[in-house]
Structures are given as C-alpha cells and as structure tokens.
Amino acid sequence: MTYIAKPKFHHPGLPKNELGFTHRDYEGKVSTLCAGCGHDSITGAIIEACFQLSIEPHRVAKISGIGCSSKTPDYFLGNSHGFNTVHGRMPSVLTGANLANRDLIYLGVSGDGDSASIGFGQFAHSIRRGVNMTYIVENNGVYGLTKGQFSATADRGSKSKRGVVNSDSSIDLAAIALQLGASFVARSFSGDKTQLVPLIEAAIRHRGAAFIDVISPCVAFNNHTGSTKSFDYVREHNEAVNRLDVITSRAPIQIEYKPGSVQMVEQHDGTTLALRKLDADYDVHDRLAAQGFLAKHTAKGQVVTGLLYVDPEAEDLHAHLNTVNTPLNSLGTEQLCPGSAALDKINASLR
Amino acid sequence: MPANPISSVNDFVIRFANVNGSGSASANELFARSILRMGIPVSPRNIFPSNIQGLPTWYEVRVTEAGYLGARGGVDMMVAMNPQTWDKDIASIEPGGYLFYDSTKPMPASKFREDITVLGVPLTAITNSTYTDPRQRQLFKNIIYLGALSAMLDMDAKAIEALIGEQYKGKEKLLSSNVHALHLGRDWALSNLKVPIGLRVQKADKVGDRIFVEGNSAAALGAVYGGATVCAWYPITPSSSLAEAFTNHCKRLRHDAETKKAKYAIVQGEDELASIGIVVGAGWNGARAFTTTSGPGVSLMTEFIGLSYFAEIPAVIFNVQRAGPSTGMPTRTQQCDLISCAYASHGDTKHVLLFPEDPAEGFEMAAQCFDLAERLQTMIFLMLDLDIGMNHRLCRPFKWDESKAYDRGKVMTAEMLDDGRDFGRYLDVDGDGIPFRTYPGTHPTKGSFFTRGTSRDRYARYTEEGPAYQDNMQRLLRKFETAKDMVPRPLQANAAKQTKYGVIYYGSTSPAMDEAIGMLEAHGHQLDRLRIRAFPFHSSVASFIANHDFVYVVEQNRDAQLRSMIVNENDIDPIRLVPILHYDGTPITARFIAKAIGDHQDQLKVTPLRKVVS
C-alpha cells in the first residue's frame, strides 16, 4: 500500500519520551518492502530504540548500501539525513561521514549480500578501525531485489526456493566481527523484538564499532522448508545466551534481579547494561570464549543470539587518530589554513 | 681522445647511472642542490624502476643557466656506476661527451668509445682503503664520486660543504665524515686528472627567489592550505608520496596549539574503493576531503565518481598519472588519464579536471580544488603526473592570499531554514544549476533529505519519471556550463609575428614547450600558444582554434586524449587539430616538440608547381 501517504495526524494521547517526541517523530516514509518482511520489524525496533533513548532524530545519520535492507533507512527517522550509497560500500561512506563530524550518531544499515558478499572487505575494515557506529546487518541469506539468489551467509546445505542446494560454506558475520576486534557484537532475530530493541539501544550507546547481525527472514524468497533463515527454522534453533535491559541514568531500572543471575556492564557514557544470563557460563567480556561458543553451537545447527561480546572501555577511530573534539566539518579558514607567514618559512626551507 | 670535446658552461646534461637501493639518491640530489646554490637553475629527474633494491636507476640533472626546466634529451656526461647498464649508458653519451667511471678494475678498450673523454677514478679502491664497514663504503663512495665530480666541473666545494652542513646540523660526526669523503674524491681528481673538463659550472645569479620542490609535496601542502581535513588513500606509485607529504605537513601545521590534537584525519584505506568511499562520506557530511591515486586507482573508484556526480557530493581526487593501460609502466610518466577521468563512470557523466604545469601551480590548484568541489558540489580532479609529482622542480615560491576565506558553496543553515527558505536539494534556485545542500544534523524538522544514486526529483524524492529525470540531467549540464567560468582560464601567448598556426598544450609539457618555441622561432616557425589549465574548456579554447588554420595539440599519450575532448566538446573539425604525441614514458622534450612541429610545418610549405617549372 505504498501509494497511500502516511497520515500526519495522530492520537493526542500517544506516549512521549523525555524530549517530548512520540513514536511518530521517529518514523519515516511508508515501507515499500513485501508485507511481512523481517526488515520492517527491524525498522520498528530501530524506531523503538531511538524513542526509548530519547535521541534527537536529526542528530542521527543513516547510511546504507544497496539492496532491500539498504532501502529501509528511508522508512525510519524521517528527520535524519540518509545516504543510500553504492553496493557494499556503506562502511567506507560511514567512516568518512564519521570523520567529518564526530558529534552525530551513525547508523549503518546493510544486508548479507551487501556486507558478506560484495562488501565483505569494507565490513571487515570498518570494524578493524573501530569506527564509532551501530552496524546492523539485516541478514536473510538471499538476494531479494534480484529474486532469490543465495548470498554468502546462506548455510551450506540449505535449499533455495527453486530447490537448489547451496554447496558453499557460509560466512558468520558475528563470528568474523569478533575475530576482527569489534568491541560490541550481538545477534538477534527480527521476530524477537523484545530481544532486539535493547540490543540496538546498547549498540547506539556503545563507543566504538558495534555490530549486530539480525536474522531477518525474506518472506518472498527464503521462508520455505529447507531454508535455515526462515521464521520457523530460526525460532526452533534460537540459542539465546542472555536477555538485555539498558538502564540509562535518566531512567533507573525498577526490575529486581535475582542475585547471580545478572551481569551489570557499565558503558563509558553512564548507561548500564543489565544482562540476564540464560547460559550461566557465558561471559560477554571474553572474546575468545565467545568465538569458541559460537563455533560450537553453529556446528550443532543452532543460531546463537543475544549480546555476544562487549568491551565497555573501547576506543574509537577518533581516539586512535587523536582528532580535535570539534567536528572537522565545522573548522573554518582560520583554524585550518596555516597562513602566509608559515608559507614564507616553508619557501625559505626549499631554497 | 675525441677530436671535439663538448665545451659548455652552465648548460649541459649529466646522468648518474646507479643501482637502486645503493644510497646514491641523496648524493645525486646534493649535487643538484649545490649547483642551485651556485645560482644556476637545474632540472633533475629520477628515472627509476618499480623495485626497491638491485635494479638500474638513473638520475639526470640538466644544468641550464637559460632556465629550461623540461627534459632536454641526450647526455653530455655519464657517471656510470652500474655495470648492468654499462653498454647502453656508454652508447647514450653525445659525441664529444664525457664518461666518469670507477677505474679500480681495468676495463678492456672495447668497452669505451673513441669519441668521448674517459675519466677514470678508482672509487672502490679509495673507498676501501678508507672505510671498513660495508654500509659506510657504500654510502661514502657516493660522496667520493661527488667530490671528484666537483673538481671535474670546477664546482665550488664550499657550496657543497654548506649543504652537507645543513643536512647534518647537530650531527657533527656525520657532518665531518661526509666532508672528509667529499675531499677524498675531490683531491684525488685534482691531483690525478686534467681538470676542470669542458663542462663547467660557473657562479651565476639566475635562480632568484625560486624554490626547489617536488610536485607531490607541493600539492599536499596545497591541500593543507585549501582546508582539507579528511584524506583517505591507498598506496600506489607515483602518488604515495603525496599522501605521505600531506601527513608530514599536517604534523607540522595542523595540530591544535593547546590540546595538541589533530585538525585532520588521515586513513590508509584497504583499497581505492574504500578510500574514495571515505572521501565521499566526508564530503557529504561537510568536510573537505580528498584521495590521492593514479590511473589504476581511478579505474577502481569509478562507481563512486558517478555517485559524486549524480548525488552532487563534493570530493577531490589527486591523480598522479603514470603510463597505462593496466599496470602499464608504474614508474614512467604520461598524461594518459584525461578521458578516463573526464568521463569517469557509467551513464552520462562529466567531471572537472585541473592541469597544473609545475609544483607552484600544483600548490595553488590543489587548494582551489576544495573551493571548486564545494561550490560546484561535485568531483574535482587534480591531474598531476609522475614528472611533476616525483621530481624536484625549480618554481616560483608558494603564495597565499590572506584575505581569502574558503568558499564553502551553497549550504543552507538552520537559520535560513527557519526563515522559511524553500529547500529542495536539487532545486536550481539561482539558474546556475547549483542547488543548495544541508549538512546532516542541521535542523530538527527541516532540511533533511535522503541522498541516493537513484533518480529523484528536485526535492530529493525518489522517482523514475522521465521528465523529472531529464530535468535533473539538464540541470547537471547547466552546472557544468557554470563551471567553465570558475575553473582556471587558459593562458595565451602570441608569437612575435602574426601567424596562422597555434599550439595547445597542458600540464607537465609546459617547460619543454616554452623551450621548443624558441627553437621553432629560430627556424622561422611562428606559433601562438594556448596552455589549457582546466576542463570544461573555457570559450577561449574554441575561439583560439577558430583564429588559426591549424592548431597543434601536444600531449603525452598515444590517443590524443585532449584533442578528442576538444573535438567532442566544441564540435570542431578534427582535421584542424594536429596531434603531436609523445608517449614512451619519458618526459616530453623540447627537441621532440620542435622536430615534430617543424617537420609538419615544412611539409605544409610545398613549393608551388609553377615555381618549380620556371
């Protein structure tokens, strides 16, 4: 129903956040994706997370590549600038944007074709550099816009809608992100909003490269029997390691936790992540153990979800480059141009 | 002994044949600088392989009191330090020229030529009797040959000593040992050879206030002065030294005095795609950003170049051209990427190119690129080449106009939006084809838009409607028209006498062209000159061609790329543009230009039949 314009009026009693914004202020245009698409649920989760965190919508920059997932930034945060770049190149554009203005929140939205196939290199290197961003892959294992070819995250042995069996090994982006040094790694499922929303909130509040792999079934081309990215398959094989609550200083948590069942993680900006452990032995600060855990469970055909790893003390690319606190895009002639006296000295040194 | 040894003061070419990685480069550069200090212009060129150690490398110094800074061609004196290339090196010496070689081991007479003067200095023997450490032997041997050379050419030893003093300031031990080595060679030559020879260096006053600098370093400094804050790059010869120079300039000039923090961000990308992606992202977000690359990198960046054109994002590429196609000759010079840059990317695209002639113009144009990129909201190419970029060139000093602030282009601010200004990202409000843009994060409710490489209407809304698409494409053409009057104008210089012939040239061809004009005039050929400094072409290019019967277009590529662009953009009859093409990877010379144009001119002067009959 994309030809129907979204109504602008809304119920006066809609809940408001601390800034006085309602959910509607975080929405975008009407989605043009298929009805039931997992990506629309992720769009909903992003809207909810930004609303909950009381983010000023216009202080977010939404950047994507090409594909169904990369179209979604048009469907949330309508007052934010968005950039639908070229296929597989969201990470580099986001890196450049982030260097230009460190004061905005950077939300990178990509797909499995965009990040694991054509853009695998850029995915890897943006994570390596520790760009301060929330990098969400809407992972359905399939090329939707070109009608159902396998992507690089499709599991070996899984079957396409046309009955073709995938013989290539799959890429687990969360496992790779861990290996590459991402300081925040999570996996979730588009069908589990209660798990996904706090993960997005925590990722946004994280300083550094935060990566979330969200399994997001493609209702048109990859939701059949034999697919390992279908709603049914993911529900049956979901192995959640924890449940997350994000506690901001403004909204102290009211829930009482049973002693020993919760791991509290302080982030650098004052937010606390309260992790209700589902797997008693899982430690979100142990990168190596997380890698082993993922490998073991993936081999069993399970989809491990939850917050897999976090380093609350992480540093970002700006810290590595020791850049000034003022955004580079707001520096003018006076701050940037060394002037003619300095040039005279340079001239003298070249004689 | 030759019958007619070359005799010349302050006007000759000397070539050093070395093995790369042997430390000869700094000794050779010291030689060139010493002559400059004596007040005589020099034009040095590195001829080097794509290799780190072991392959042949040459360093050529043209000593030219007349100030001809182009490559001359030919060698008057060879300093033959590389046995690998001996035969070719000996063969390349002009008749009557000189050979300076290491005579420690005797060589058969067949290895020399009758028509040259041979100057043997037992360099290895002198070195080995003085030094025991192998590395020292290697390095000081270079200084020893420099000392011997200074005696042969009657150079002022004080000028060399002064330079060594500056180089090793505060490192007394190194200073004195270098000076010692210099005199070892010099004294040996003074007491054992008949020096000075026919080639001499005599003090003059022809350098003035000019500076001696590499084009890559100058362009990098231009980027600092032009306000570039984000640089993303991927190593590629011959552009890597530009990014490295930018890094060094920034370290000295761009740290906050109080906090010591960096007012710049430099990222070495994982490839050229990431580099240009970072540049486009930064440009979209309002920072001045550039990448530096060469032909193969431009090929890889092509998709993003189209995005910059169509989504109208300011970005700058410094292309230090090398010989293509494919990997081509990575360490040889050409002007071969004009078409690949001017029309880079799929669909109908056109981009602005600037053609600096030397480091001084490289500095100015590098800075100007950023104003143009933000004013025109598009990709700007600075078309350097290896000859300008990686060689020291004598040029006028850098100048900066203090009164000029950066032109950030049409940016709509929160205040303007609050004043009720109509914001359409692709709306041509001024008739110049240039719309307003907003930076991300400007205003809570106004001025946001979705940037995309797909077609859109004037308000940045996605559309595949034909009329809206065409409307946008036509506006982009209008914008390109606007650019014609913003980019550096062509420079015209007319011949002393009125002439029907003209010549068009650009970039690093400049010094060779200036010299060739004198040679052609000496043969009675009068030519008006037009140096093109940018694409799109200013209207004066078409009128220059209209005012002449024939116009030579001098280029350093095989396919006459600039000529094709002139024909294409101005609907000019190709027959009137005569291509003069030099593309063997060496820098174009005045001799080549003068001969090619001279031959063509002579052909035109066919004697009428009736004259022959009568």
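What you see is a predicted model; the values in this text were computed from it and never measured.

Trainee: An account of the overall build of chain B is needed here, citing residue identities and associated values.
Mentor: Of the regular secondary structure elements, chain B holds 20 helices and 23 strands. If one aligns the C-alpha atoms of chain B with their principal axes, the spans along those axes are about 85 × 85 × 40 Å. Summarising the internal contacts of chain B: among those between residues at least 6 apart in sequence, 76% fall at separations of at least 24. For chain B, the accessible surface area stands at approximately 23,900 Å², while carbon and sulfur atoms represent 51% of it. In chain B, the 66 positive side-chain charges and the 68 negative ones have mean positions that sit 3 Å from each other.

Trainee: Please give an account of the pairing of strand 12 (residues 272–277) of chain A that cites residues and values.
Mentor: Residues and elements named next belong to chain A. In the sheet, strand 10 (residues 242–247) pairs with strand 12 via 6 bridges, with the strands oriented antiparallel. Counted as the bridge partner of Ile247 is Thr272 from strand 12. Both strand 11 (residues 262–266) and strand 12 contribute to a ladder of 5 bridges, which runs antiparallel. Across the sheet, Gln263 pairs through a bridge with Leu275, a residue of strand 12. Turn length for the strand 11-strand 12 hairpin, with the two strands adjacent in sequence and antiparallel, is 5 residues, and the turn residue Gly270 shows positive phi of about 100°.

Trainee: Give me the lowdown on the pairing of strand 1 (residues 60–64) of chain A, citing residues and values where you can.
Mentor: Remember that side chains alternate between the two faces of the sheet whenever the strand is regular. Residue and element names in this part refer to chain A. Burial analysis of strand 1 places 5 of its 5 residues in the buried class, which makes it a mostly covered element. Across 5 bridges, the pairing between strand 1 and strand 3 (residues 105–111) is parallel. When the sheet's bridge partners are listed, Val60 is paired in strand 3 with Ile105. Where strand 1 and strand 2 (residues 81–84) come together, 4 bridges link them in parallel fashion.

Trainee: Give a detailed account of the interface of chain A and chain B, specifying residues and quantitative values.
Mentor: Counting from both sides, the interface comprises 55 residues of chain A and, opposite them, 67 residues of chain B. Together, the buried faces of chain A and chain B total about 5,100 Å²; carbon and sulfur atoms form 61% of this surface. Three residues, A:His81, A:Phe83 and A:Arg351, lead the burial of chain A against chain B; their summed loss comes to 14% of the area buried on that side. Counting every contact that joins chain A to chain B gives 2 salt bridges. At the junction of chain A and chain B, the tally comes to 26 residue pairs in polar contact (both at pLDDT 80 or more). Those elements that place two or more of their residues in the side of chain A that touches chain B are strand 1, strand 2, helix 3 (90–100), helix 5 (120–129), helix 11 (333–336) and helix 12 (339–349) of chain A.

Trainee: Give me the sheet that holds strand 11 (residues 265–268) of chain B: which residues, what numbers.
Mentor: Residues and elements named next belong to chain B. If you walk across this open sheet you meet the 7 strands as 11-10-12-13-15-14-21, and the pairing is mixed. Each having just a single partner strand, strand 11 and strand 21 (534–535) make up the two edges of the open sheet. On the sheet, helix 10 (residues 295–311) packs against strand 12 (289–293), strand 13 (315–321) and strand 15 (379–385) and is oriented at approximately 160° with respect to strand 13.

Trainee: Which residues make up the domain arrangement of chain B, and what values do they have?
Mentor: Residue and element names in this part refer to chain B. Looking at the assigned domains, one finds that chain B contains domain 1 (8–200), domain 2 (213–395), domain 3 (410–487) and domain 4 (491–604). On the side of domain 3, 27 residues touch domain 2, which itself brings 23 residues to the contact. The interface formed by domain 2 and domain 3 holds 3 salt bridges in total. Linking domain 2 with domain 3 are 12 residue pairs in polar contact (both at pLDDT 80 or more), by the criterion used here. Mapped by element, the contributors of at least two residues to the side of domain 2 that touches domain 3 are helix 9 (272–284), helix 10, strand 14 (352–354) and helix 12 (359–376). When residues in the side of domain 2 that touches domain 3 are grouped by element, the largest group, 5 residues, is from helix 12. Each residue belonging to the side of domain 2 that touches domain 3 can be placed in one class, and the counts come to 11 nonpolar, 7 polar and 5 charged.

Trainee: Describe the packing of aromatic side chains, naming the residues involved and giving the relevant values.
Mentor: Summed over the entire model, instances satisfying the criterion amount to 29 aromatic pairs over all chains. The interplanar angle of 65° and the centroid separation of 5.6 Å between the aromatic rings of B:Tyr225 and B:Phe363 together place this pair among those described as edge-to-face. Of this pair, B:Tyr225 sits in helix 7 (residues 215–225) while B:Phe363 sits in helix 12, placing them 138 residues apart in sequence. In textbook terms, an aromatic cluster arises when at least three aromatic residues are bridged by ring pairs, as seen for A:Phe120, A:Phe123, A:Tyr135 and A:Phe211. Positioned above the aromatic ring of B:Phe436 is the side chain of B:Arg421, whose terminal nitrogen or guanidinium carbon lies 5.2 Å from the ring centre. The cationic tip of B:Arg456 hangs over the ring face of B:Tyr426; the distance from NZ or CZ to the ring centre is 4.3 Å.

Trainee: I'd love a proper account of the sheet that holds strand 13 (residues 303–310) of chain A, names of residues and values included.
Mentor: Taken in spatial order, the 9 strands of this open sheet run 9(A)-13(A)-7(A)-8(A)-4(A)-3(A)-1(A)-2(A)-17(B), and their pairing is mixed. The two strands at the open ends of the sheet, each matched to only one other strand, are strand 9 (238–240) of chain A together with strand 17 (450–452) of chain B. Taking the axes of each pair of neighbouring strands and ignoring which way they run, one obtains an average angle of 20° across the sheet. Bridge analysis of strand 7 (residues 184–189) of chain A against strand 13 of chain A gives 4 bridges, and the strand direction is antiparallel. In the strand pairing of strand 13 of chain A, A:Ala186 is matched with A:Leu307. With respect to the sheet, helix 7 (residues 193–205) of chain A is in contact with strand 3, strand 4 (133–139), strand 7, strand 8 (209–215), strand 9 and strand 13 of chain A, its orientation differing from that of strand 7 of chain A by roughly 160°.

The rules behind each value
- Residues numbered from 1 in each chain as written.
- Chains lettered and ligands numbered in written order.
- Predicted model: local features only at pLDDT ≥ 70, side-chain atom pairs only at ≥ 80, totals over all residues.
- Heavy atoms only, no water.
- Helix = DSSP H or I, 4+ residues; strand = E, 2+ residues; numbered from the N terminus.
- Contact = heavy atoms within 4.5 Å.
- Areas by Shrake-Rupley, 256 points an atom, 1.4 Å probe, with all protein chains shown as cover.
- Lys, Arg positive; Asp, Glu negative; His and termini not counted.
- Charge placed at Lys NZ, Arg CZ, Asp CG, Glu CD.
- Pairing = 2+ DSSP bridges.
- Buried < 20%, exposed > 50% of the residue type's maximum accessible area, 1.4 Å probe, protein only.
- Buried area = accessible area lost by both parts, 1.4 Å probe.
- Salt bridge = Lys/Arg side-chain N within 4 Å of Asp/Glu carboxyl O.
- Polar contact = N/O pair within 3.5 Å; in protein donor to acceptor, adjacent residues only side chain to side chain.
- Axes fitted to C-alpha atoms, helices over the stretch in contact; angles between N-to-C directions.
- Domains from an automatic or database assignment.
- Nonpolar A, V, L, I, M, F, W, Y, C, P; charged D, E, K, R; others polar.
- Phe/Tyr/Trp six-rings, centres within 6.5 Å; stacked < 30°, edge-to-face > 60°.
- Lys NZ or Arg CZ within 6 Å of the ring centre and 35° of its normal.

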